[in-house]
Amino acid sequence: MIEVVHSLSTRVRLAAPALVGYAAVRALGLLVLALWSAARDRSAYQLLTARWDSLWYARVTELGYGYEVRLPNGDVHSNLAFFPILPWLERLLAALTPLSAADGGFLVSALASLAAAWGIFAVTEHLFGRRAAVCAVLLWAVLPVGIVQSMAYSESLFTALAAWSLYAVLTGRWVTAGTLALLAGLTRPVGLAVAAAVWAAGIASFVRDRSTAPADRARHLRCAVAMLLAPLGAAGYVLWVGHDTGRGPLGYLAVQAGWRNGFDGGYAFARFVGDRFTSFPSALAGLGLIVGVGLLVWLYVACVRQGQPLPLLVYTGVVTALALCASSYFGSKPRLLMPAFPLLLPLALALARTRPRTSVPVLGLTAAASAVYGAFWLNGSGPP
């Protein structure tokens, strides 16, 4: 027990600069949001906890599954579209404390965002060293849509579970990796990306061990258990929705169709981008979207050239593909890409190689821009 406590204390000290820096960036974002919202006579806290998805999660917490809204155009928005881990945690906090569901969602996101930052640090430090790890965490914090990390949404919770599952895979903690992948699968549909990473690592491990002797049967067993556990969360919820709706294994797809959401290989997004070029002002937005997609492709190629391990490449590829190829809610794509933190590692490594007199101002200016954009975003149309 003493050794475990000592090890945890060492890990906390190692990650402390990254976590302090992350907390400072998030505090700046919240401060700017509070000032901007006050100037517009709006509640910053309500913007963080009682709009869009946060309202739907709170309804699951308070009313259970089965709540739906029928729109004039015939669409049916059902809360079955929202995976259960965040509502479960909100309900637990509401039962144990005076917090409301919205308060609980905000607290979970605050704690989960720190856990996610720590997980990103752990993965990056394991691969590229401490300085690159600090830069990776700060880059994740200063993303233009970083304010979502402080909202009562499930992105921070999912990223935390995904990052620590990937770290467990990289360090050979197979059962832990599978368990965290299972929980990630109960958090968001993109939890399939974590399961895919565990499976890719497991298959690679079995193939690699075929050329070595004697085989480590105990490790093979742990690997097999992880591969069995990893998809159970997402598969279990999807099958339960199918049973609950009476539509069988494809019931969850029907629920998503009610939100006009689905997977079409990117056709709808490509058409959306093409439609921007029908007039001059919107053509600039279309050009920006093309540049953005090109940047994502470039970063993924850089991840491959960087020699990132197979689990990270598989995870990032699946997250990116699911985000870009979803057929609706195009304004949400930046936040859907937020869990794909390995895309930031090439930039983190490059930033880590610069002198502090360069990296510190770059990160500081980016943090300020992110804070302003987040306040503008939430006080405007914001994320659907």
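All of the points below concern the structure found in this document.

Conventions used here
Residues numbered from 1 in each chain as written. Predicted model: local features only at pLDDT ≥ 70, side-chain atom pairs only at ≥ 80, totals over all residues. Heavy atoms only, no water. Salt bridge = Lys/Arg side-chain N within 4 Å of Asp/Glu carboxyl O. Helix = DSSP H or I, 4+ residues; strand = E, 2+ residues; numbered from the N terminus. Buried < 20%, exposed > 50% of the residue type's maximum accessible area, 1.4 Å probe, protein only. Axes fitted to C-alpha atoms, helices over the stretch in contact; angles between N-to-C directions. Parallel < 35°, antiparallel > 145°, perpendicular 65-115°, else oblique. Contact = heavy atoms within 4.5 Å. Nonpolar A, V, L, I, M, F, W, Y, C, P; charged D, E, K, R; others polar. Expected span 1.5 Å × (residues − 1). Left-handed = near helix turned anticlockwise from the far one by under 90°. Arc of directions from axis to C-beta.

Topic: the pattern of salt bridges
- The tally for this structure, following the rule as stated, stands at five salt bridges.
- Its salt-bridge partner being R260, residue D75 comes within 2.7 Å of it at the nearest N-O pair. With D75 in the loop between β1 (68–70) and β2 (76–78) and R260 in the loop between α12 (251–258) and α13 (267–275), the pair connects residues that are 185 residues apart, well separated along the chain.
- Residue classification places R260 among the exposed residues on the basis of a relative accessible area of 51%.
- It is possible to trace a salt-bridge network through shared partners that takes in D53, E155, R188 and R335.

As for the packing of helix α7 (residues 155–170) against helix α9 (residues 191–209)
- The interhelical angle for the contact between α7 and α9, taken along N-to-C directions, is 0°, at an axis separation of 10 Å. The angle between the axes of α7 and α9 places the two elements in the roughly parallel class. Along its contact with α7, which presents F158, A162, S165, L166 and V169, the element α9 presents G191, V194, A197, V198 and A201.
- Residues belonging to the contact of α7 with α9 are distributed by class as follows: eight nonpolar, two polar and no charged.

What about helix α15 (residues 310–324)?
- An ideal rise of 1.5 Å per residue puts 21 Å on 15 residues; α15 measures up with 21 Å between its terminal C-alpha atoms.
- Listed as buried for α15 are P311, L312, L313, Y315, T316, V319, T320, A323 and L324.

A look at the packing of helix α6 (residues 130–141) against helix α17 (residues 345–352)
- Two elements in contact, α6 and α17, have axes whose closest approach is 8 Å; the angle formed by their N-to-C orientations is 125°. By the angle class used here, α6 and α17 are oblique. The two elements α6 and α17 cross, and the hand of that crossing is right-handed. On the side of α6, the interface is formed by R131, A132, C135, A136 and L139, while α17 contributes L345, L347, A348, L349, L351 and A352.

Comments concerning helix α11 (residues 232–245)
- With 14 residues, α11 should reach 20 Å at 1.5 Å per residue; the first-to-last C-alpha distance of 20 Å fits that figure.
- Residues G233, A234, Y237, V241 and G242 constitute the buried set of α11. One side of α11 carries all its buried residues, which in axial view fall inside an arc of 165°.
- Tucked inside the fold, the buried residues of α11 contact α8 (174–185), α9, α10 (217–229) and α12.
- Positive backbone phi, approximately 75°, marks G246, located one or two places after α11.

No statement about biological role is implied by the geometric values presented.
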